[in-house]
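# An overview of the molecular structure
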Amino acid sequence: MSVNLDEKIFDKGLANTIAAESKMSYIDGVNGILEYVGIDIDSLARNSTFEETTFLLWNGRLPNEQELATLVAAFRAEYHIPAGLIDLIKTFPTDAAPMHALQTAVAALALHDSEADVNDPDANLRKSIKLVAKTPAIVAAFDRHRKGKEIIDPDPSLDIASNFLWMLNGEKPTDTMSKALDVCLILHADHGTNASTFTSLVVISTLSDMYSSMAAAIGALRGPLHGGANEGVMRMLDEIGELDNVDAAINQKLADKDKIMGFGHRVYKAVDPRATYLKTFTKGLAEDTGNLKLYEMSSRIEEIMNEKVGSRGIYPNVDFYSATTYFSLGLELDLFTPLFAIARMVGWTGHCMEQLEDNKLIRPGSNYVGPHEVPYAPLDQR
Ligand code: ACO
């Protein structure tokens with residue numbers, strides 16, 4: 001609810017506030033439409049690549065062959081992470097949460113970049129390329145470190161999705177695995193002024209630097225009401241265990257007023273179009289791998305939710321079927337949200353570059369509801 005306070009509006013959760021102008025992604029939450037620079041997300045998922053989609057989001061148009069090759073080469077030249085950062089990652093506790101490790105390592109990238117505090121457009125584009133190229137290497141390096149395995153050098157002959165799977169597993173991925181991950185990266189690359197993107201904008205609007213903004217955004221993403229929900233979905237599926245248990249478990253959760261992870265969205269009151277695409281895609285992947293159990297459980301949860309709360313606009317969001325996709329790719333539960341961060345790095349950096357084109361410090365007010373004119377009581381009188 002919005003309340004007018006002397007010409008200012010109190011809008012709890014900023015749900016009715018337009019906080020930025022952007023040419024990157026368009027969301028129609030009522031009709032379930034998502035476009036990147038006017039191109040339907042389904043069309044991009046079917047036809048594009050993560051690298052090409054990145055060019056689109058950063059430049060406002062699709063690249064020609066030469067432009068795409070230049071961006072791809074720029075990413076590949078930056079896949080590696082500095083030796084000093086690898087040494088730092090090796091000091092991280094092996095039981096640390098990967099999102100904490102990622103946040104720390106992304107902040108530490110600034111220590112290895114002489115341009116960290118140069119805020120001009122060219123330097124920020126170079127930093128954005130580094131951030132998108134190096135985030136997968138950080139996630140993979142920490143995962144290898146925590147398992148006591150040797151950290152694997154990136155392979156610049158591979159695209160971003162395949163290279164990540166290579167660095168993570170030490171095996172070249174199949175085409176199906178690479179394509180599945182590439183599609184997930186496209187679907188997660190941008191999504192308007194969501195909580196983590198807004199966080200990055202607040203930080204960059206102070207004329208701080210890209211690394212600080214990205215570290216802050218990672219912190220916002222990890223919350224279970226945002227990107228952390230994909231982990232929550234997998235935990236829930238794990239807890240339910242079998243298709244036969246789904247009805248009783250979901251009905252019980254709804255009766256207890258528990259939130260079902262992977263459902264509902266601040267903007268979409270129709271089915272999240274990314275979930276629609278992922279559902280079909282995941283089904284194919286499950287059929288390919290012969291493991292349909294999770295898909296069938298997810299489908300049944302969706303049916304129950306449609307019946308019980310669909311009329312209230314609570315439908316599957318992107319996290320619901322991405323959990324099953326990541327699981328089919330053999331990824332561990334706590335790598336789901338880091339994977340989201342790898343993709344969203346494109347959106348965060350893009351929005352920050354956009355913000356700096358016409359910057360204004362983001363600084364909302366607050367509605368003070370505490371007391372006034374309280375006399376100061378000396379310590380011995382309290
Ligand atoms: N399961 C059951 N009920 C739900 C769910 C859900 N997943 N989501 C919303 N509701 C209900 C709420 O209980 C509330 O009911 P009430 O009016 O009876 O109290 C009503 O719908 C409104 O919910 P809010 O949480 O107030 O809506 P808001 O717009 O603030 O929340 C949010 C959106 C946070 C995403 C919410 O739907 C949620 O918590 N979902 C589960 C977590 C999740 O999947 N997050 C990922 C979002 S997508 C992303 O960030 C990539």
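One can find the structure itself at the top, above this paragraph.
## Topic: the packing of aromatic side chains
Using the criterion set out here, one finds seven aromatic pairs in the structure. Centroid distance Y277 to F281: 5.9 Å. Interplanar angle 20°. Geometry classified as stacked. Residue Y277 and its partner F281 are located together in helix α13 (residues 273–289), separated by four residues, close to a single helical turn. Taken together through their ring pairs, the aromatic side chains of F263, Y295, F320 and Y321 make up a single cluster. Here K172 stacks its cationic end above the ring of W166, 4.5 Å away from the centre of that ring.

## Description of the pattern of salt bridges
A side chain with one charge may pair with a side chain of the opposite charge, provided their charged atoms come close. Taken as a whole, this structure holds 19 salt bridges when the rule is applied. For E242, the salt bridge is made with K293, and the minimal N-O distance between the two is 3.5 Å. Placement of the pair is E242 in the loop between α11 (229–240) and α12 (246–255) and K293 in helix α14 (residues 293–309), with a sequence separation of 51 residues. A relative accessible area of 42% means that E242 is categorised as partly exposed. A salt bridge links E302 to K279; the shortest N-O distance between them is 3.2 Å. Pair noted here: E302 is in helix α14 and K279 is in helix α13, with a separation of 23 residues, a long-range link. Judged by relative accessible area, K279 falls into the partly exposed class, the value being 25%.

## Focus on the packing of α12 against α14
The N-to-C vectors of α12 and α14 enclose an angle of 40°; their axes lie 10 Å apart at closest approach. Our classification of the angle between α12 and α14 gives oblique. α12 and α14 meet at a crossing whose hand is right-handed. Of α14, the residues touching α12 (which contributes V246, D247, I250, N251 and L254) are M297, R300, I301, I304, M305, K308 and V309. Within the contact of α12 with α14, the residues separate by chemical class into eight nonpolar, one polar and three charged.

Basis of the calculations
- Residues numbered from 1 in each chain as written.
- Predicted model: local features only at pLDDT ≥ 70, side-chain atom pairs only at ≥ 80, totals over all residues.
- Heavy atoms only, no water.
- Phe/Tyr/Trp six-rings, centres within 6.5 Å; stacked < 30°, edge-to-face > 60°.
- Helix = DSSP H or I, 4+ residues; strand = E, 2+ residues; numbered from the N terminus.
- Lys NZ or Arg CZ within 6 Å of the ring centre and 35° of its normal.
- Salt bridge = Lys/Arg side-chain N within 4 Å of Asp/Glu carboxyl O.
- Buried < 20%, exposed > 50% of the residue type's maximum accessible area, 1.4 Å probe, protein only.
- Axes fitted to C-alpha atoms, helices over the stretch in contact; angles between N-to-C directions.
- Parallel < 35°, antiparallel > 145°, perpendicular 65-115°, else oblique.
- Left-handed = near helix turned anticlockwise from the far one by under 90°.
- Contact = heavy atoms within 4.5 Å.
- Nonpolar A, V, L, I, M, F, W, Y, C, P; charged D, E, K, R; others polar.

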